[in-house]
Structures are given as structure tokens and as C-alpha cells.
Amino acid sequence: MAQKYAIAYHQIYRWVQRYLQDGWLGMNDRRGPADDPDPAGEWGRLPPPVRPTRSCG
């Protein structure tokens, strides 16, 4: 995969490790100063999923 996308193996390894440890929250960009006090970052601002309702009939 690293050769296919021209990305260093160690970078993909780090992304996989972050995902395995923290899930999607681990994929947030952590560069620079933290100006968002929300620890979930941009993934925490996603709307909740819409759940289908049961039909009574």
C-alpha cells in the first residue's frame, strides 16, 4: 500500500497504530496549537446518525 500511494511505510504504520488505539478520534490532525478545547476535534462535531423508526402497522 505504501508504494501504491507513494507514502512512507512508517507513516502508514503510525496511522494504523493511532486508529487501533483511538479509533476515528485518533485520526484528527494534531499539528499546531490546540485552539479547539473539544477533545473529539472535528469528528466530535459530526451530527449523530439518523436511526430508522419502527413502523407500527
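For the structure itself, consult the block above.
Let me begin by describing the structure that accompanies this report. (Residues numbered from 1 in each chain as written. Predicted model: local features only at pLDDT ≥ 70, side-chain atom pairs only at ≥ 80, totals over all residues. Heavy atoms only, no water.)

Observations regarding the overall build of the chain
To keep things clear, this is the line we draw: Helix and strand labels come from DSSP, where a helix needs a run of H or I of at least four residues and a strand needs a run of E of at least two; each type is numbered from the N terminus. Each residue is placed in one exposure class: buried if its accessible area under a 1.4 Å probe, protein chains only, is under 20% of its type's maximum, exposed if it is over 50%, and partly exposed if it falls in between.
Counting its secondary structure elements, the chain contains one helix and zero strands. Per-residue burial over the chain gives 11% buried out of 57 residues.

Points about a nonpolar patch on the surface
We count it as follows: The patches described consist of residues with a relative accessible area above 30% and no salt bridge, like charges being joined within 9 Å and nonpolar side chains (Val, Leu, Ile, Met, Phe, Trp, Tyr) within 5 Å. Here the open area of atoms and residues is found with the Shrake-Rupley method and a 1.4 Å probe, where only the protein chains shown may cover a residue. A pair is scored as a salt bridge if a Lys or Arg side-chain nitrogen falls within 4 Å of a carboxyl oxygen belonging to Asp or Glu.
On the surface, Val-16, Tyr-19, Leu-20 and Trp-24 cluster together into a nonpolar patch covering about 440 Å² of accessible area. Looking at where Tyr-19 falls in the secondary structure, it is placed in helix H1 (residues 9-22).

A look at H1
Rule in force here: The span you would expect from a helix comes to 1.5 Å times its residue count less one.
Its 14 residues give H1 an end-to-end C-alpha distance of 20 Å, which sits within 8% of 20 Å, the value for a rise of 1.5 Å per residue. Immediately downstream of H1, the backbone of Gly-23 shows phi near 70 degrees, a positive value.

A short note on unusual backbone geometry
Unusually for a residue other than glycine, Ala-6 sits at a positive phi of about 55 degrees. The topology assignment puts Ala-6 in the segment before H1. Owing to a relative accessible area of 74%, Ala-6 belongs among the exposed residues under this scheme.

Details of the packing of aromatic side chains
Definition in use: In summary, the pairing rule links any two rings of Phe, Tyr or Trp, Trp by its six-membered ring, whose centres are within 6.5 Å, and it sorts them by plane angle into stacked for under 30 degrees, edge-to-face for over 60 and tilted for everything else.
The final tally for this structure, using the stated rule, is two aromatic pairs. Their ring planes at 75 degrees and their centres at 5.5 Å tell us that Tyr-19 and Trp-24 sit as a pair that is edge-to-face. Residue classification places Tyr-19 among the partly exposed residues on the basis of a relative accessible area of 39%. Using a relative accessible area of 52% as the deciding quantity, one classes Trp-24 as exposed.

Some words on the side chain of Asn-28
To keep things clear, this is the line we draw: Definition of a polar contact: a pair of N or O atoms within 3.5 Å, with one able to donate and the other able to accept a hydrogen when the atoms are protein atoms, and with sequence-neighbouring residues admitted only if both atoms are side-chain atoms.
Looking at the secondary structure, you find Asn-28 in the segment after H1. Polar contacts involving the side chain of Asn-28 include one to the main-chain carbonyl oxygen of Leu-25, which spans 3.3 Å.

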